[in-house]
Amino acid sequence: MLHEEPHKYTDNNPIVRFADVTSTISGKIVLDKIDLSINRGDFVALLGPSGSGKTTLLRTIMGFTNVPNGKIFMSGETVDSARPIIGYMPQMSSINWSFPITVEQTVLMGTISKNKLYPWFSKRAKKAAFEIMERMGIIDVRSNHVSELSGGQKQRVLLSRSLINNPHLLLLDEPTTGIDIKTRDEVMHLLHEVNHQDVTIIMATHEINAVAAHLPRVICLNKNIIADGAPKDVFTVDILTETYGAPIHVTRYKGLPIVAESPHGFNGMKR
Amino acid sequence: MFLPFEYDFFVRAIIAGTLVGALCGLIGVYVVLRRMAYIGHGLAHSIFGGAVVSYIMSINFFIGASLWGFLSAVLITFTSRKKNISTDSSIGIITTASFALGVALISRYSGFTRSFDAALFGNILGINALELYSVIFVVILVSIVVTLCYKYLLFTTFDPENSEYYGVHTGLLDGIFSLILAATVVVSLQILGVTMIAATIVIPPVIARMLTNDFNKMMVISVTTGAFCGLIGLYISFYLDISSGPAVVLFSSFLFILSLIYSAIKERLLFKREPHL
C-alpha cells in the first residue's frame, strides 16, 4: 500500500479542473461532459477499457485535443500562462527502441522546449539530465544504446525524460504495461517518491489489482466518468461492470479489494 | 590516375559527385531512420515530372523542379497522415502520377534537348558551372538547416508520435525536411539520374547503421561513405565509360556487401565469446 488514505484535498485551487468538458479527436467525441478536479499532490489512477478515453484525457490536459464544449482550468485559470509545468510519459510501445540513440540523448530530449534557439543541448540541460539520471538510478548506463536496456531501465529513461524539467504535474500513460512484477514494484515505488516531492500524478493504467488498488484515488472512465474516489469505494461489481462493459467479480483480501476478470461472462459466478 | 583532372568537365563533375554523395549520405540518415527509404526513389520520379513541366512553361529548372518536389513531399506527408493510407501507398500514387505526367508531356511535345538517358541514369558530361554552384548552394543550405534543427530533427525522427507533446512543431519540421529532401534530389538528378537516387540516399546510412549504434557517429560515417562513393563512382564512370548514376550505385552496393560481411563476422566472433550456459 503506497498511501493509507486518500489525500484530504479541497476544491479551492485544483491544479486541473474540467468543467463540463467534451473532447473530440477527428470530429469524434471521445470524452463527454467531464467534470473533474485534480488537486495538488494527488496520485490518481485512470481506469477504463481500451478506447475509453484515458489517453485522450491526458492529451486534453496537455492541450492537444479539440474541446468544443466546456472549460479547462489550469491552476485556477483558463489562460495558457497558468499552465503548470507538465511532464508526459508515453506508452513504452510508442518508442522505437532500436533507434541509434543513447540513454543520455533520450533523457535530454525532455529539455527540448527550453533554449529553443540553441541548436544543441546546453550545458545546463546536460547537468539536469545527469542529476535526473542519477536520481532514477540509470547513471551507469547513460552512454548505453537504448536497445541494450532492460524493461525497467527503459521505463526509468522515459520517466527521467518526463521529470527533467521538474514538472508540477506528471501524466503517465500505462507506465507498468509489459514489465515484470519486480520491475513494476520498483516503478511504483519510484513514482511514490516523486509524488512525495510535491508532484501531482495522473496515471492511465490497465492494472486494477497491482497498481490502481494501491493508489489513493481512482477514476473509472468510459467516455464519461463512471466513478471517482478511493479504491475501496470505487471497486464494486456495479461500477467496474459499467466501466468495462463486462461482468467483473470483486472480493476482499486483508481489507484490499481484489478484482477478478470474468472470462466469457463468468456465467456461473454470483455478482 | 590524375589524367582526367586535365578536363574541366571532370573536375566539376568530381567535385559535384563527391558533394552530392555526402549530401545524400547526410539526408539519408533521416530518411532511413524515419523508415521512408522509398521516398528518394519516389521524389526523383516526381521531380522528373516537375522538370518537364518547368521546361514546357519556360521556368528555371531548379526552381520549378524544387517546388514540384517540395509540393509532392508535402502532399505525401499529408496523405499518409490519413489513417487508412500508408506512407508507401501515398508515395506510390503521388510520385508515379507525377512521373507519368512527365512522360506523357515528353511524348506529346517534341523538341526536348535534354537527353532522356541522362535524366534517367545521370551523366557527368552534363555538369556545367551553374549546376556545380547549385550543388554547393544546397550542400550549404542543408548543412545549416541540419545544424540549426539538430535536436528537433533528432526528436521527431526518434519519437514522432510524442515530440509534439514536448513542444516540437512537427508540422513545421516535416515541411522543412521535405524542402531539404526535395532540394537534395533536384541537385542530385543530373549526376545520379532519376532511377539511381534512392540507392545513393539509402546505402550510406544503412552501412553506417551496421557499424554504429550512435546517432552522431552514424551521421559522420554516412556522410563520409556517401562522399567516397560519389568520388570513386565518378572515376569508375569516366574510366569504364558508363553512366555516372549506376557507377556510384554499384560502388555503394559493393561497400554495402563488404560491411554486411564485416558485421556478420563481428557478430559471429562476439557470439563465440559468449560463455556457454
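Just so it is clear, the structure is predicted and the values come from calculations on it, not from any experiment.

Draft legend 1. Geometry of the overall build of chain A. Along its length, chain A carries seven helices and 11 strands. Against the compact-globule benchmark of 18 Å for 271 residues, chain A has a radius of gyration of 19 Å, which places it among compact chains. By principal-axis analysis of the C-alpha atoms, chain A measures approximately 60 × 40 × 35 Å. Looking at chain A alone, contacts between residues at least 24 apart form 66% of all its contacts between residues at least 6 apart. Of the roughly 12600 Å² that chain A leaves accessible, carbon and sulfur atoms contribute 49%. Side-chain charges of chain A comprise 29 positive and 27 negative groups, with the mean position of each set lying 4 Å from the other.

Draft legend 2. Summary view of the side chain of Thr200(A). Positionally, Thr200(A) belongs in strand β7 (residues 200-205). Overall, the relative accessible area of 0% leaves Thr200(A) in the buried class.

Draft legend 3. How the structure looks around the sheet that holds strand β2 (residues 28-38) of chain A. All names here are of chain A. One open sheet accounts for three strands, arranged β2-β1-β4; its pairing is antiparallel. This sheet does not close on itself; its edge strands, each paired only once, are β2 and β4 (66-74). Neighbour-to-neighbour, the strand axes of the sheet open up by a mean angle of 15°, direction not taken into account. When strand β1 (residues 16-25) meets β4, the two strands line up antiparallel, connected through six bridges. Each residue of the ladder has a partner; that of Phe 18, found in β4, is Ile 72. Against the sheet, helix α1 (residues 54-62) touches β1, β2 and β4, its axis set at about 115° to β1.

Draft legend 4. How the structure looks around the interface of chain B and chain A. If you look at the interface, chain B gives 25 residues, while chain A gives 29 residues. Carbon and sulfur atoms supply 60% of the area that chain B and chain A bury against each other, a total of about 2700 Å² over both sides. By the criterion of area lost to chain A, the three top residues of chain B are Phe158(B), Tyr165(B) and Tyr166(B), representing 32% of everything that side buries. Along the contact surface separating chain B from chain A lie one salt bridge. Asp159(B) is the salt-bridge partner of Arg161(A), the closest N and O atoms lying 2.8 Å from each other. Put simply, chain B and chain A have nine residue pairs in polar contact (both at pLDDT 80 or more) between them. Put simply, the parts of the chain that give the side of chain B that touches chain A at least two residues each are α6 (129-148), α7 (150-158) and α10 (215-240) of chain B. Per element, the largest residue contribution to the side of chain B that touches chain A is seven residues, and it comes from α7(B).

Draft legend 5. Region of the structure containing the pattern of salt bridges. Residues and elements named next belong to chain A. Taken as a whole and judged by the stated rule, the model has nine salt bridges over all chains. One salt bridge in this structure joins Lys 182 and Glu 186, with 3.0 Å as the shortest N-O distance. Residue Lys 182 and its partner Glu 186 are both found in helix α5 (residues 181-196); the two are separated by four residues, about one turn of the helix. The class of Lys 182 is exposed, set by a relative accessible area of 59%. It is possible to trace a salt-bridge network through shared partners that takes in Asp 42, Arg 217 and Asp 228.

Draft legend 6. Main features of the pairing of strand β3 (residues 43-47) of chain A. Residues and elements named next belong to chain A. Among the five residues that make up β3, five are buried, leaving the element largely enclosed by the rest of the structure. The alternating pattern of β3 places Phe 43, Ala 45 and Leu 47 on one face and Val 44 and Leu 46 on the opposite face, and all of these are buried. Two elements, β3 and β7, share five bridges in a ladder whose sense is parallel. Directly across from Leu 47, in β7, lies its bridge partner Thr 205. In this structure, β3 lies alongside strand β8 (residues 217-222), joined through four bridges in parallel fashion. Along β8, the bridge assignment pairs Ala 45 with Val 218.

Draft legend 7. Seen up close, the environment of Pro257(A). Residues and elements named next belong to chain A. Here Pro 257 shows up in strand β11 (residues 256-261). Given a relative accessible area of 4%, Pro 257 falls into the buried group. When the C-alpha atoms of Pro 257 and Leu 58 are compared, they prove to be 26 Å apart, with 199 residues separating the residues in sequence.

Draft legend 8. Highlighting α6(B). Residue and element names in this part refer to chain B. Between the first and last C-alpha of α6 there are 29 Å, a value that for 20 residues agrees with the 28 Å anticipated at 1.5 Å per step. Among the residues of α6, Glu 131, Leu 132, Ser 134, Val 135, Val 138, Val 139, Val 142, Val 145 and Val 146 are the ones counted as buried. All buried residues of α6 fall inside an arc of 160° around its axis, so they share one side. Counted as exposed and oriented over 90 degrees from the buried face of α6: Leu 130, Tyr 133, Phe 137 and Leu 148. Its buried side turned inward, α6 meets α1 (8-33), α3 (61-80), α7, α8 (170-192) and α10. The N-cap residue of α6 is Asn 128: its side-chain oxygen and the backbone nitrogen of Leu 130 are 3.1 Å apart.

Draft legend 9. Structural view of the packing of α3(B) against α8(B). Residue and element names in this part refer to chain B. Interhelical geometry of α3 versus α8 gives an angle of 135° and a closest axis separation of 8 Å. Comparing the axis directions of α3 and α8 gives the class oblique. The two elements α3 and α8 meet at a crossing, and its hand is right-handed. Between α3 and α8, the contacting residues are Phe 61, Phe 62, Ala 65, Ser 66, Gly 69, Phe 70, Ala 73, Val 74 and Thr 77 on the first element and Asp 174, Gly 175, Ser 178, Leu 179, Ala 182, Val 186, Val 187 and Leu 189 on the second. Its residues placed into classes, the contact of α3 with α8 shows 11 nonpolar, five polar and one charged.

What counts and how
- Residues numbered from 1 in each chain as written.
- Chains lettered and ligands numbered in written order.
- Predicted model: local features only at pLDDT ≥ 70, side-chain atom pairs only at ≥ 80, totals over all residues.
- Heavy atoms only, no water.
- Helix = DSSP H or I, 4+ residues; strand = E, 2+ residues; numbered from the N terminus.
- Rg over C-alpha atoms; globule rule 2.2 N^0.38 Å.
- Contact = heavy atoms within 4.5 Å.
- Areas by Shrake-Rupley, 256 points an atom, 1.4 Å probe, with all protein chains shown as cover.
- Lys, Arg positive; Asp, Glu negative; His and termini not counted.
- Charge placed at Lys NZ, Arg CZ, Asp CG, Glu CD.
- Buried < 20%, exposed > 50% of the residue type's maximum accessible area, 1.4 Å probe, protein only.
- Pairing = 2+ DSSP bridges.
- Axes fitted to C-alpha atoms, helices over the stretch in contact; angles between N-to-C directions.
- Buried area = accessible area lost by both parts, 1.4 Å probe.
- Salt bridge = Lys/Arg side-chain N within 4 Å of Asp/Glu carboxyl O.
- Polar contact = N/O pair within 3.5 Å; in protein donor to acceptor, adjacent residues only side chain to side chain.
- Expected span 1.5 Å × (residues − 1).
- Arc of directions from axis to C-beta.
- Parallel < 35°, antiparallel > 145°, perpendicular 65-115°, else oblique.
- Left-handed = near helix turned anticlockwise from the far one by under 90°.
- Nonpolar A, V, L, I, M, F, W, Y, C, P; charged D, E, K, R; others polar.

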